[in-house]
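# Secondary and tertiary structure notes
If you want the building blocks of each chain, they are given just below.
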Amino acid sequence: MPLNPAVANRSTGVVPPGRPGGFELALLDRGADVLQTTAPLAGFDVYVVGFHCVKGEPDLQMEAHHFCKVVNADMLQCVLFDGNTRDANLIGIEYIVSEALYGTLPEEERAAWHPHNHEVFSGELVAPGLPVAIETELMGHLVNSYGKTWHTWHSTPMGEHPPQPLPLGDPMLMWSFNREGEVDEALRRDRNAAMHTDPEPRKASRAKYLDRAHPQQGVATMRDAFSGTSPTPGVVDAQDGRP
């Protein structure tokens, strides 16, 4: 049960096959608690939930639960899960950098980093349990930022693709959505209903940051892969100047 009762339990992934841990494993685990360190895991306490798709494959979409650590004013590191319960599966990682740090990346590297302004201004990226006013302040720090995301396990259904019982194949580079209507409506509706994350009040609250929004690289990367979409305020491609 989450510490904050306002955060709904969310379990979406498969249960991997395998034998239950025996006495020896339990004993080892208790010894590790006492004798070893978990210091690198401290601080991964910023919790946000959004949606990803595989870069270049618009139908391969999934919900991702990010547990992030603030490294400094320009960088966050996130571990990704398919839910927020004790049995959630670890499915990937995301690094988030500010616009300033993104600008220091080599040109060839930038193609791996997706823009975040749509996630902020659409209300699709949420921080469950936070009052909207506090969540809005958090999202203000993500305006104009970029993320580099690798998924190592597709443990939830993706369109017609069944969930993988284990992390199979190569890691896949993920991408952001950049226009209204790109996220599968059933996927979006299911998350919002289960976690009480209505995007409308979030859109209204975050609109105060629209004057901060800059054109971003990568907005147009998958624009033509979707149909029936509409522009998101504050989201413009840096190269062609179009939403």
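Residues numbered from 1 in each chain as written. Predicted model: local features only at pLDDT ≥ 70, side-chain atom pairs only at ≥ 80, totals over all residues. Heavy atoms only, no water.

What follows deals with the state of the cysteines. Applying the stated criterion across every chain, the model contains 1 disulfide. Each sulfur of the disulfide joining cysteine 68 and cysteine 78 lies 2.1 Å from the other. On the S-S bond that ties cysteine 68 to cysteine 78, the torsion sits near 105°, and the link is right-handed. Of this pair, cysteine 68 sits in strand S2 (residues 57-72) while cysteine 78 is found in strand S3 (residues 75-81), placing the two residues 10 residues apart along the sequence. Of the two residues examined, cysteine 68 and cysteine 78, each falls in the buried class. (Disulfide = S-S within 2.5 Å. Helix = DSSP H or I, 4+ residues; strand = E, 2+ residues; numbered from the N terminus. Buried < 20%, exposed > 50% of the residue type's maximum accessible area, 1.4 Å probe, protein only.)

Evaluation of the coordinates by the stated rule reveals 4 aromatic pairs. On the numbers, 4.6 Å between centres and 5° between planes, the contact of tyrosine 47 with phenylalanine 67 is stacked. Note that tyrosine 47 is positioned in strand S1 (residues 46-54) and phenylalanine 67 in strand S2, a separation of 20 residues in sequence. Judged by relative accessible area, tyrosine 47 falls into the buried class, the value being 13%. Members of the aromatic cluster, joined through ring pairs, are Tyr47, Phe67 and Phe81. Geometry around tryptophan 175 places lysine 55 over its ring, the cationic atom sitting 4.5 Å from the centre. The ring of tyrosine 102 has arginine 110 sitting right over it, with the charged end atom 5.5 Å from the ring centre. (Phe/Tyr/Trp six-rings, centres within 6.5 Å; stacked < 30°, edge-to-face > 60°. Lys NZ or Arg CZ within 6 Å of the ring centre and 35° of its normal.)

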